[in-house]
Amino acid sequence: MDPPEGSPQSSPDAQGSRQRAMDASQGLRQPLMDTPQGSRQPRQQQYQPRRPDSPSGGDGLFNAVVTIFLFVLVVVLLVSSSTTGSSLSILHQVPEGHIGVYWRGGALLEATTDPGFHWKLPLITQFEPIQVTIQTDQVRDIPCGTKGGVMISFDKIEVVNRLRKSYVYQTLHEYGVYYDKTWIYDKIHHEINQFCSAHSLQQVYIDMFDQIDEKVKDSIQADCTRYAPGIEIISVRVTKPNIPVSIKRNFELMEEERTKALIAIEKQKVAEKEAETQKKIALSEADKIAQVSRIQMEQKLMEKNSTKRQEEIENEMYIAREKSQADANFYRVMKEAEANRLKLTPEFLELKFIEAIANNSKIFFGEKVPSMKMECISFIP
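Residues numbered from 1 in each chain as written. Predicted model: local features only at pLDDT ≥ 70, side-chain atom pairs only at ≥ 80, totals over all residues. Heavy atoms only, no water.

Looking at an unreviewed UniProt entry, one finds the protein chain named Band 7 domain-containing protein and attributed to Ensete ventricosum. According to the UniProt record, the Sequence similarities (unreviewed entry) comment for the protein chain reads "Belongs to the band 7/mec-2 family." (UniProt positions renumbered as here; feature names shortened; annotations may be inferred.)

Here's the deal with the overall build of the protein chain
Within the protein chain one finds 8 helices and 10 strands. Within the span of the protein chain, comprising 381 residues, buried residues form 20% of the whole. Contacts in the protein chain between residues at least 24 apart in sequence constitute 65% of all its contacts with a sequence separation of at least 6. For the protein chain, the accessible surface area stands at approximately 28800 Å², while carbon and sulfur atoms represent 58% of it. (Helix = DSSP H or I, 4+ residues; strand = E, 2+ residues; numbered from the N terminus. Buried < 20%, exposed > 50% of the residue type's maximum accessible area, 1.4 Å probe, protein only. Contact = heavy atoms within 4.5 Å. Areas by Shrake-Rupley, 256 points an atom, 1.4 Å probe, with all protein chains shown as cover.)

Notes on the side chain of E191
In this fold, E191 is placed in helix α4 (residues 179-197). Residues within four places of E191 in sequence aside, it is in contact with V216, S219, I220 and D223.

A word on the sheet that holds strand β9 (residues 151-163)
The strand order across the open sheet built from 3 strands is β8-β9-β10, with neighbouring strands paired in antiparallel fashion. Of all strands in the sheet, those bounded by a partner on one side alone are β8 (135-145) and β10 (231-238). Looking at each pair of strands side by side, their axes are set apart by 30° on average, direction ignored. The pairing of β8 with β9 spans 10 bridges and is antiparallel. (Pairing = 2+ DSSP bridges. Axes fitted to C-alpha atoms, helices over the stretch in contact; angles between N-to-C directions.)

Observations regarding the pairing of strand β5 (residues 107-113)
Within a regular strand, side chains alternate between the sheet's two faces. Here 4 bridges tie strand β4 (residues 98-104) to β5, and the two strands are oriented antiparallel to one another. If you follow G100 over to β5, its bridge partner there is T113. From the end of β4 to the start of β5, which pair antiparallel, there are 2 residues, and G105 there has a positive phi angle of about 65°.

Let's talk about the packing of α4 against helix α6 (residues 209-227)
Across the interface, α4 lies against α6 with an axial gap of 10 Å and an inter-helix angle of 130°. Here α6 runs oblique to α4, going by the angle between their axes. Note that α4 runs across α6; the crossing there is right-handed. For the pair α4 and α6, contact is made by W183, K187, I188, E191, I192 and F195 and by I212, K215, V216, S219, I220, D223, C224 and Y227, respectively. Here the contact of α4 with α6 is composed, by residue class, of 9 nonpolar, 1 polar and 4 charged. (Parallel < 35°, antiparallel > 145°, perpendicular 65-115°, else oblique. Left-handed = near helix turned anticlockwise from the far one by under 90°. Nonpolar A, V, L, I, M, F, W, Y, C, P; charged D, E, K, R; others polar.)

Quick notes on the packing of aromatic side chains
Applying the stated rule across the entire model yields 4 aromatic pairs. Ring centres of Y205 and F251 lie 5.4 Å apart, and the angle between their planes is 35°; on these two criteria the pair is classed as tilted. Taken as a pair, Y205 in helix α5 (residues 201-207) and F251 in helix α7 (residues 245-343) lie far apart in primary sequence, 46 residues in all. Under the relative-accessibility criterion, Y205 is labelled buried at 13%. Taken together, the ring pairs connect Y175, W183 and Y227 into an aromatic cluster. One residue, K240, lies across the ring of Y205, its end atom 4.7 Å from the ring centre. Over the ring of F209 we find K240, and its NZ or CZ is 4.2 Å from the ring centre. (Phe/Tyr/Trp six-rings, centres within 6.5 Å; stacked < 30°, edge-to-face > 60°. Lys NZ or Arg CZ within 6 Å of the ring centre and 35° of its normal.)

Some thoughts on the pattern of salt bridges
Between side chains of opposite charge, a pair can form when the charged atoms approach closely. Inspection of every chain in the model, using the stated rule, returns 15 salt bridges. A salt bridge links E232 to R164; the nearest nitrogen and oxygen atoms lie 4.0 Å apart. Here E232, found in strand β10, pairs with R164, found in the loop between β9 and α3 (168-175); they are 68 residues apart in sequence, far enough to count as distant. Judged by relative accessible area, which is 32%, R164 ranks as partly exposed. (Salt bridge = Lys/Arg side-chain N within 4 Å of Asp/Glu carboxyl O.)

See the structure below:
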């Protein structure tokens, strides 16, 4: 555009330099345009001075920094970690399996909170999450001396325990947040030393090792029930103690000899079992043979009894048949005798006598002829 009236004419180079400076100050890159003479000149724009009430670039950056700082400060005041009790936090989180416990001015408050997000006063109220689910505390490096004066140590003892929710305030009020140090860590040291001092190394390391966990558990639970009823001891797991190398070697040699003796005993038991098995097999075979013989004998006896019974039946049949036949003959003879008795009349006898004489044609020769007396017989030739 044309320069304002009254202004001196400037050269083309001076005008182009001024225009480029104006473009750079406004953050603009102006495109070049072709002049009628064929040279490329920048496009001329009217200069607009900056308004005095518009904010400068430095003021905007300062406002952005202040805004970010305030936002970070609010986040720090509102949000805290779920496992820490920052006194500056307003909003805090109680994780699952825990309850929130609060102190105000160092005094424990009876009010507790359940898992989730909660509010508290910053710098005045302190917060701590207390676990009320089953947890495992590991007590390490527990030295103790046995009854015989041998020093041994337990690398690790695990105590599975739980703090009852209804006793959280009472337990923390009497023993603090680190109640488990008093009733678990220190108590484990005490009970292990008591047990070791009352038993020999043989008993602690071998004979009664399987009873240590139960004895320690019962002892700790008895004291907790008496003084801290909110603590429940579920189980105690004891690892094998560390003993001096020389004594350990002796135990290993004893175990080797005991193992050899057990092997010999087991071999003897195996041999006895084999002999007993052979004996049972022989007895079983003999019993089988005896049973077979008994069965065969019973079979033969049954056959003999069957034959005897058959003969008896045949004899009975024969006797019955002969008896029947004899009875029939006897009946016939009796009937014949009865019939003859009925026929033996005097007339019939006389007839028979006459027939007998008449049929007698015998001739007797001799000096004397025997006389025959005939009584009451008249013979007419």
